Each structure stands twice: as C-alpha cells, then as structure tokens.
Amino acid sequence: KSHGISPSEKRALVTAAIRWGYSMAFVLSAVAVFVSTSIDYLLILVILYAQKNNRRRSGRILAGQYLGLAILILVSLIAAFAVHLIPQDWIVGLLGLVPLFLGIRAAVRPESEEGENEVLSSAQKYGSLTVSVAALTLACGGDNLGVYIPYFTTLRPFEIALMALIFAVLTL
C-alpha cells in the first residue's frame, strides 16, 4: 500500500498552485495599474470631498468618478481592439508619432497650472456635479489611456471584466 500522493494528485496540486499564483499576479497588476494612474487625481478628489461633508454630494462625486472611469475604460478597450487591427510592423512607427504630436501640441498651446480655485470652479462648470466630476476624471485621464491600452491588449475578456471590477472596488 502506498500512503503518498499519486502522480495525478501531484499534477492537480501543481496546476492549482500555478493558477492561484497567476490569479494573485493578475490582481496585483490590476491594483498597480489603477494606483499608478490614479495617484495624480487624488488631490482633486480631496479638494472636491472637502467642500461639504454631505452624503448626497459625496454620492454625486462618486457617481462622477465611476462615469469618468467607465468612459476611460471603454475608450481604452476600443483603442486596444484597434491596435490588434494594425499590422505589427507599423505599430512602432505609429507610436513614434505620439511624442511628435504631444510636442507640437505643447508648443502651440502651453499648459497652465491649475490652482485650487480653478479646480473647484471647473467642477461646477456643467451644472451637474456628477457630469463635472466625470469631466475632471476624463481631463486627468490622459495618462490612464497610455497605460490602459497596452495593458488591455494583453488581457482576455474575462480578465478585462475582472479588472473592471477591481477598478470599481478601488474607486470606493
């Protein structure tokens, strides 16, 4: 009689360990992507939440965050899908146009530093706090697109859904 683990049980344990390790790596990478792209937006959120300690206002700010995040994710998914349509040989050449475009834009229209008052007034620009916060999320989300698009090209549909869930939980 053998009291050890059979080879098929060993294979099942190794497979389970590999799957668990992959799952943890995926969750950690999704968290790292979210945190690295959202850290700059944190100051704006602090200013918005500090205005009034009102549950209704806080709910509208959160709804605006979700709306803006959903739009950023949708745009990134569309772009990630489009990247698959471009021949691989062209991608590096086309990516070279991005810094050129950014340099021309900066030369033509230099960016101004926004102060706290400008952030607050732009948050009330659209009449609806939810829409205003969504607009601020989109305005601060340019760097998100630069990270999300390549990240999404590596994910399968189930992983994209799980990543969106992780982002939604981290937004709270």
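Residues numbered from 1 in each chain as written. Predicted model: local features only at pLDDT ≥ 70, side-chain atom pairs only at ≥ 80, totals over all residues. Heavy atoms only, no water.

Visitor: It is not clear to me how the nonpolar core should be interpreted in this structure. Could you clarify?
Guide: For soluble globular proteins, nonpolar side chains are generally found buried alongside one another. Tyr148, Tyr151, Phe152, Leu155, Met163 and Phe167 are the most contacted members of the largest nonpolar core, which totals 16 residues. Contributing elements (two or more residues each) for this core: helix 1 (7-38), helix 3 (55-85), helix 8 (142-153) and helix 9 (157-171). The residues contacting Leu155, other than those within four sequence positions of it, are Phe26, Ile160 and Met163. Counting 8 residues, the second-largest nonpolar core is a separate cluster that includes Ile44, Leu129, Val133 and Leu136. (Core = buried A, V, L, I, M, F, W, Y, C linked by side-chain atoms within 4.5 Å. Buried < 20%, exposed > 50% of the residue type's maximum accessible area, 1.4 Å probe, protein only. Helix = DSSP H or I, 4+ residues; strand = E, 2+ residues; numbered from the N terminus. Contact = heavy atoms within 4.5 Å.)

Visitor: In this structure, what is going on with the pattern of salt bridges? I would like to understand it.
Guide: Close approach of charged atoms lets side chains of opposite charge pair. Across all of its chains, the model carries 1 salt bridge by this definition. Between Glu159 and Arg156 there is a salt bridge, and its shortest N-O distance comes to 3.2 Å. Residue classification places Glu159 among the buried positions, given a relative accessible area of 4%. (Salt bridge = Lys/Arg side-chain N within 4 Å of Asp/Glu carboxyl O.)

Visitor: How should the packing of aromatic side chains be read in this particular structure?
Guide: Any pair of aromatic rings gets described here by the distance separating the centres and the angle formed by the planes. With the rule as written, the count across this model stands at 4 aromatic pairs. Aromatic side chains Tyr148 and Phe152 sit 5.6 Å apart centroid to centroid with 25° between the ring planes, which places their arrangement in the stacked category. You can see Tyr148 and its partner Phe152 sitting in helix 8, 4 residues apart, about one turn around the helix. Tyr148 sits in the buried class, given a relative accessible area of 0%. (Phe/Tyr/Trp six-rings, centres within 6.5 Å; stacked < 30°, edge-to-face > 60°.)

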